[in-house]
Amino acid sequence: MEPTEAMQTHENSQLIRRGVLVRGVVQGVGFRPFVYRLATEEGLSGFIGNDTDGVTLEIEGSAMRVEAFLTRLSTDAPPLARIDSIAVRELTTNGETGFRIVASEILGRVSTGIPADAATCVDCLRELMDAGDRRYRYPFLNCTNCGPRFTITRSIPYDRPQTSMADFRMCAACQAEYDDPLNRRFHAQPNACWDCGPRVWMVGVDGVAMDAGDAVDACVNRLVAGEIMAIKGVGGFHLSVDATNEAAVARLRERKQRYGKPLAVMVKDVDAARAVCVLTVEDETPLMTWARPIVLARKKESCGIAEGVAPGVPWLGVFLPYAPLQHLLFASGQVKALVMTSANLSEEPIAIDNDEARERLSGIADAFLMHDREILQRCDDSVAAVVDGAPQLLRRARGYVPLGVELARGSQLEAVPLLAVGGHLKNVFALAQGRMVYQSQHLGDLESLTGLEFFKESLAHLMRTFEIEPETVVHDLHPGYLSTTWAKEWAGERGLKAIAVQHHHAHVAGCMAEHGVTGPVIGLALDGTGFGTNGHIWGGEVLITRLDGFERWAHLQYVPMPGGDAAVKEPWRMALGALHAAGFDVESEQIVKLLGAQASEVRVMKRMIQREINSPMTSSLGRLFDAVAAVVLNRRVVDYEAQAAIELEGIAVDEPDRIEQGAYWPELHSGEDGSDGVAVIKTGKMWKAVLEDMWRGVPARRISARFHAGVVEGFINAAGNARIETDINIIALSGGCMHNRRLVRLLRAGLEEEGFEVLQHRRVSPGDGGLSYGQAAVAAAMMGKSELAGEAN
Ligand SMILES: [Zn+2]
Ligand SMILES: [Zn+2]
Ligand SMILES: [Zn+2]
């Protein structure tokens with residue numbers, strides 16, 4: 001209800017003045033014009049400006065109006081703003097009239113924040129499709145509520161001269177919008193139009209621009225004809241084909257040398273997404289956020305999407321257009337669904353520069369849709385999935401970077417300026433200072449020099465952006481990771497402290513820190529592989545974890561990995577190692593057949609294991625999944641990491657969660673395996689049950705469901721025993737296996753049934769993409785502790 005004059009008491013109409021400091025993502029997102037409108041509507045006087053820490057403002061008016069203003073400040077904030085805190089202080093009134101937006105410089109240094117890239121808003125979309133609008137079909141329109149940010153920024157402050165829009169001089173019409181506090185484009189840094197902004201064109205593989213009339217239409221026609229297009233986007237180039245064209249998809253895979261890994265599909269809008277996927281309300285939430293991540297959802301039968309897009313799995317990675325150029329591709333209705341995959345050879349950094357793209361992609365693409373707005377920061381698409389009813393980020397990149405995630409909210413934890421370099425595969429580093437951790441975009445595998453270059457380039461940029469000069473460098477315990485050697489070297493050159501954090505400690509700590517929990521908790525680190533403190537390769541761990549330390553309480557039985565990393569690419573080797581460890585005669589005819597191997601190669605592997613030649617021992621659950629999948633799905637080799645495990649999850653998608661009988665219960669043994677009193681979850685009986693079922697002709701999907709149920713039961717038992725001894729009732733779930741939705745769902749349900757409080761990752765990836773966040777939390781806690789100890793002395 002609108003307050004009337006009569007309702008105002010004397011006290012309410014008394015004039016007051018307040019100073020307000022708003023922290024969070026409040027710059028470059030239309031916050032100042034929003035406050036200007038709000039103050040004007042409430043009849044308040046005062047001013048607003050950007051400040052080092054956010055925005056600062058003063059307001060003066062009746063107590064009631066000031067109260068209303070302060071409430072609406074958070075409830076009505078613009079969509080891209082994220083308010084972390086609002087601090088209000090009392091000031092004396094000075095009779096000021098009118099409300100002003102003051103220039104940043106007047107209030108001192110401009111803040112460091114750069115917002116994340118945001119999808120085209122509905123207002124801009126309406127203009128894009130409106131034949132009467134001056135920006136009709138303009139591929140780069142945007143406003144303060146939408147458009148590129150992080151990817152076009154060279155340096156701070158986030159102002160046009162520091163972006164790749166610096167080369168484009170605004171026309172009078174655009175400038176007028178930019179200068180008007182009440183305009184939707186007030187200080188929209190990438191503001192542009194047909195007259196003054198970037199443009200698109202088509203280029204052939206020979207580098208010659210094609211005069212093809214409307215470049216977007218020409219691109220669509222070629223897609224319809226089955227050609228492969230390289231399309232420049234927001235964070236890099238995409239390779240695109242018509243997702244309903246089987247032959248085109250096959251050709252793309254062939255040329256990109258990417259055979260098994262699912263390809264993401266972009267569709268026009270949420271209705272089109274519903275036509276190809278079974279979408280729950282929960283699925284639609286991440287699909288439609290400003291960040292527009294790829295969302296993994298159940299593929300519909302005979303939905304028209306080519307089989308080759310996501311072979312062997314029941315899910316499809318689907319996402320919606322987030323740039324005007326992408327909306328235009330769908331505008332004519334000629335294409336229903338487009339494969340949009342990062343333009344790179346597998347796990348190399350995504351191509352961003354026009355010349356670089358032509359050089360690297362000319363063997364893959366038939367033609368290029370280019371534009372001249374430079375991409376300054378590479379950024380892949382983010383990936384999300386609804387896990388157990390809530391969205392979880394699996395890959396945090398475009399739309400989320402460089403937004404920070406708080407470090408152990410609600411605790412006293414604060415980080416000295418530090419760099420956490422993450423792991424080896426799917427690398428993401430993090431910069432932390434005080435209460436915030438800023439993770440980099442997904443950088444891919446740090447195996448090659450190009451990967452390391454991308455790492456360095458992104459590090460330099462984010463250090464500038466956040467003005468964080470690390471005093472400590474945190475790395476994984478693995479001595480062989482490129483990230484570890486680089487971190488030690490970098491720290492050495494600068495005389496910085498270097499801290500090694502065990503891989504699974506970092507995983508669990510990350511989950512704890514997301515929830516503001518410092519421990520101790522019972523951590524389940526169910527993962528691919530990570531270097532353990534005893535030199536073995538861990539990954540099926542029950543760890544009693546505090547942020548500043550952990551104790552290994554139980555682990556999955558060790559099995560050999562014949563050939564080391566080769567066993568990751570060839571899961572049949574993992575199966576051989578696991579069956580050998582479980583006491584089977586792997587040279588028997590039955591097992592050799594089961595492994596789909598030659599008797600001679602089995603003999604070689606067995607000898608390697610017996611002589612302990614290049615056969616490291618691992619307790620990894622991810623590798624156990626690989627091994628079971630190799631046998632059950634007859635998957636000898638894989639094209640990408642964890643493919644067999646993912647297919648094993650996929651095949652059970654329609655099996656009931658509850659396995660009343662026939663689950664393969666592993667056995668929990670205390671203090672065996674010669675490993676310093678640590679309990680072991682033995683898998684021998686489980687393997688026996690798997691093989692018996694196979695020989696009895698039980699379908700693979702049922703075996704998979706029973707295996708999942710058994711694994712879950714094994715870890716719940718271990719957690720239960722840990723609780724009896726430690727009295728800890730909180731469980732944190734982390735590690736790459738948390739991408740397995742069946743596993744997570746069963747684990748949480750089972751643990752909650754046992755009365756545990758269960759913590760899961762939400763904003764940070766549970767896989768190695770989240771590792772650096774956890775490393776930062778561990779380092780902050782360790783250093784906080786040593787400081788306290790120092791004070792006590
Ligand atoms: Zn907009
Ligand atoms: Zn213009
Ligand atoms: Zn890991």
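Residues numbered from 1 in each chain as written. Chains lettered and ligands numbered in written order. Predicted model: local features only at pLDDT ≥ 70, side-chain atom pairs only at ≥ 80, totals over all residues. Heavy atoms only, no water.

Tell me about the coordination of the zinc ion (ligand 2), and please be specific about residues and values.
All of the protein donors around the zinc ion (ligand 2) are Cys-171 (SG), Cys-174 (SG), Cys-193 (SG) and Cys-196 (SG); their distances to the metal are 2.2 to 2.3 Å. In this structure, the zinc ion (ligand 2) is surrounded by four donor atoms whose angles at the metal cover 104 to 117°, and the resulting shape is tetrahedral. If you list the donors of the zinc ion (ligand 2) from N- to C-terminus, the spacing comes out as C-x2-C-x18-C-x2-C. A residue pair is termed long-range when its members are at least 10 positions apart, and Cys-174 in helix α5 (residues 172-179) and Cys-196 in the loop between α5 and β6 (200-204) qualify at 22 residues. (Donors = N, O, S within 2.8 Å, 3.2 Å for Na, K, Ca; no water. Tetrahedral: all angles 85-135°; square planar, octahedral: opposite > 155°, others 65-115°. Helix = DSSP H or I, 4+ residues; strand = E, 2+ residues; numbered from the N terminus.)

I'd like a rundown of the coordination of the zinc ion (ligand 3), residues and numbers included.
His-503 (NE2), His-507 (NE2), Asp-527 (OD), Asp-527 (OD) and Asp-768 (OD) make up the full set of protein donors to the zinc ion (ligand 3), lying at 2.1 to 2.8 Å. Sequence positions of the donors to the zinc ion (ligand 3) reduce to the motif H-x3-H-x19-D-x240-D. Note that His-503 is positioned in helix α14 (residues 503-514) and Asp-768 in the loop between β32 (757-759) and α24 (771-792), a separation of 265 residues in sequence. For the residue pair His-503 and Asp-768, the accessibility class agrees, reading buried in each case. (Buried < 20%, exposed > 50% of the residue type's maximum accessible area, 1.4 Å probe, protein only.)

Just give me the short version of the packing of aromatic side chains, but keep the residues and values in it.
Working definition: an aromatic ring pair is given by the centre-to-centre distance plus the angle between the planes. Applying the stated criterion to the full structure yields eleven aromatic pairs. Here Tyr-138 and Phe-140 contribute two aromatic rings whose centre-to-centre distance is 5.7 Å and whose plane-to-plane angle is 65°, an arrangement assigned as edge-to-face. The exposure class assigned to Tyr-138 is buried, which follows from its relative accessible area of 1%. On the accessibility criterion, Phe-140 (3% relative accessible area) is buried. Between Phe-455 and Trp-486 the ring centres are 4.9 Å apart and the planes differ by 75°, which places this aromatic pair in the edge-to-face class. You can see Phe-455 sitting in helix α12 (residues 449-466) and its partner Trp-486 sitting in helix α13 (residues 482-494), a full 31 residues away along the chain. Grouped by ring-pair contacts, the aromatic residues Phe-429, Phe-455, Trp-486 and Trp-490 constitute a single cluster. Over the aromatic face of Phe-756 sits the side chain of Arg-723, whose NZ or CZ is 3.8 Å from the ring centroid. (Phe/Tyr/Trp six-rings, centres within 6.5 Å; stacked < 30°, edge-to-face > 60°. Lys NZ or Arg CZ within 6 Å of the ring centre and 35° of its normal.)

Summarise empty space enclosed by the protein; cite the residues concerned and give the values.
For the structure on display, the rule yields four cavities of 30 Å³ or more. Ala-118, Gly-147, Pro-148, Val-234 and Tyr-322 are the residues nearest the centre of the largest cavity, which is lined by 19 residues in total. When its residues are assigned to classes, the lining of the largest cavity shows 13 nonpolar, three polar and three charged. Of the voids in this model, the second largest cavity is the one considered here, and its volume is about 70 Å³. Residue lining of the second largest cavity: 13 residues in total, with Leu-556, Gln-557, Val-559, Ser-620 and Leu-624 positioned closest to the centre. Of all the secondary-structure elements, those providing two or more residues to the lining of the second largest cavity are α16 (571-581) and α19 (621-632). Here the lining of the second largest cavity gets three residues from one element, more than from any other, and that element is α19. (1 Å grid on protein atoms, 1.4 Å probe; cavity = no way out; pocket = protein on both sides within 12 Å on 5 of 7 lines; lining within 4 Å. Points joined across faces, edges and corners; volume = space filled by probe spheres on them. Nonpolar A, V, L, I, M, F, W, Y, C, P; charged D, E, K, R; others polar.)

A description of the packing of α19 against helix α20 (residues 643-651) should follow, citing residues and the corresponding values.
Running from N to C, α19 and α20 point in directions that differ by 70°, and their axes come no closer than 8 Å. Between α19 and α20, the interaxial angle falls into the category roughly perpendicular. Here the hand of the crossing between α19 and α20 comes out left-handed. For the pair α19 and α20, contact is made by Phe-625, Asp-626, Val-628, Ala-629 and Val-632 and by Ala-644, Ala-645 and Leu-648, respectively. When its residues are assigned to classes, the contact of α19 with α20 shows seven nonpolar, no polar and one charged. (Axes fitted to C-alpha atoms, helices over the stretch in contact; angles between N-to-C directions. Parallel < 35°, antiparallel > 145°, perpendicular 65-115°, else oblique. Left-handed = near helix turned anticlockwise from the far one by under 90°. Contact = heavy atoms within 4.5 Å.)

Give me the state of the cysteines: which residues, what numbers.
Under the counting rule described, the total for this entry stands at zero disulfides. Cys-277 carries a free sulfur, and the closest cysteine sulfur to it, the one in Cys-303, is 6.9 Å from it. Residue Cys-277 is classed as buried on the basis of its relative accessible area of 1%. (Disulfide = S-S within 2.5 Å.)

Just give me the short version of the side chain of Gln-760, but keep the residues and values in it.
Positionally, Gln-760 belongs in the loop between β32 and α24. What makes Gln-760 buried here is its relative accessible area of 7%. Among all residues touching Gln-760, those that are not within four sequence positions of it are Val-387, Asp-388, Cys-511, His-515, Leu-733, Val-744 and Arg-748.

Before we move on, could you go through the pattern of salt bridges and cite the residues and values that matter?
Per the counting criterion, the structure on display carries 49 salt bridges. For the salt bridge of Arg-494 with Glu-493, the shortest nitrogen-to-oxygen distance reads 3.4 Å. The residue Arg-573 makes a salt bridge to Glu-570 at a minimum N-O spacing of 3.0 Å. Exposure remark for Arg-573: the relative accessible area of 14% places this residue in the buried category. Taken together, the salt bridges that share partners define one network made up of Arg-17, Glu-58, Glu-60, Glu-96 and Arg-100. (Salt bridge = Lys/Arg side-chain N within 4 Å of Asp/Glu carboxyl O.)

An account of α19 is requested, with residue identities and associated values reported.
Compared with the 16 Å implied by 1.5 Å per residue over twelve residues, the 16 Å span of α19 between its first and last C-alpha is a close match. By the criterion of burial, α19 is predominantly enclosed, with twelve of the twelve residues buried. Two or three places before Gly-622, at the opening of α19, Ser-620 has a side-chain oxygen 3.1 Å from that residue's backbone nitrogen. Looking one or two residues beyond α19, the residue adopting positive phi is Asn-634, at roughly 55°. (Expected span 1.5 Å × (residues − 1). Polar contact = N/O pair within 3.5 Å; in protein donor to acceptor, adjacent residues only side chain to side chain.)

Explain the sheet that holds strand β5 (residues 99-101) to me, and be specific about the residues and the numbers.
Across the sheet, five strands lie side by side as β4-β1-β3-β2-β5; this open sheet has mixed pairing. This sheet does not close on itself; its edge strands, each paired only once, are β4 (82-91) and β5. Pairwise comparison of adjacent strand axes, ignoring direction, gives a mean angle of 15° for this sheet. Here strand β2 (residues 45-51) runs beside β5; their pairing, made up of three bridges, is parallel. If you follow Gly-46 over to β5, its bridge partner there is Phe-99. The strands that helix α2 (residues 31-41) touches are β1 (15-25), β2, β3 (54-62), β4 and β5; relative to β5, the one it contacts most, it runs at about 175°. (Pairing = 2+ DSSP bridges.)

Explain the sheet that holds strand β19 (residues 415-420) residue by residue, including any values.
Spatially, the six strands line up as an open sheet ordered β18-β21-β20-β19-β22-β23, and their pairing is mixed. Of all strands in the sheet, those bounded by a partner on one side alone are β18 (405-406) and β23 (497-501). Where α13 meets the sheet, its contacts fall on β19, β22 (472-476) and β23, and the angle it forms with β22 comes to roughly 160°.

Tell me about the pairing of β19, and please be specific about residues and values.
Along β19, five of the six residues are buried, which leaves the element largely enclosed by surrounding structure. Inspection of the sheet shows β19 paired to strand β20 (residues 430-434) by four bridges, in the antiparallel sense. The residue bridging Leu-419 from the neighbouring strand is Leu-431, located in β20.

So what's going on with the nonpolar core? Residues and values would help.
It is characteristic of soluble globular proteins that their nonpolar side chains tend to be buried jointly. With 114 residues, the main nonpolar core has Leu-329, Leu-621, Phe-715, Leu-747 and Leu-751 as its most contacted residues. Not counting the four nearest positions on each side in its chain, Leu-329 is found in contact with Val-216, Cys-219, Val-220, Ile-231, Val-335, Leu-338, Met-340 and Leu-369. With 43 residues, the next largest nonpolar core counts Val-203, Phe-237, Ala-357 and Met-370 among its residues. (Core = buried A, V, L, I, M, F, W, Y, C linked by side-chain atoms within 4.5 Å.)

Go over the confidence of the model for the protein chain with me, naming the residues and quoting the values.
Chain-level pLDDT for the protein chain is 90 on average; 93% of the residues reach the 70-or-more range. In the model, residues 1-11 has pLDDT below 50 throughout and makes seven contacts with residues more than four positions away in sequence or in other chains. Long-range and interchain partners of residues 105-111, a stretch whose pLDDT sits below 50, account for 19 contacts in this model, where long-range means more than four residues apart. (pLDDT = per-residue confidence, 0-100.)

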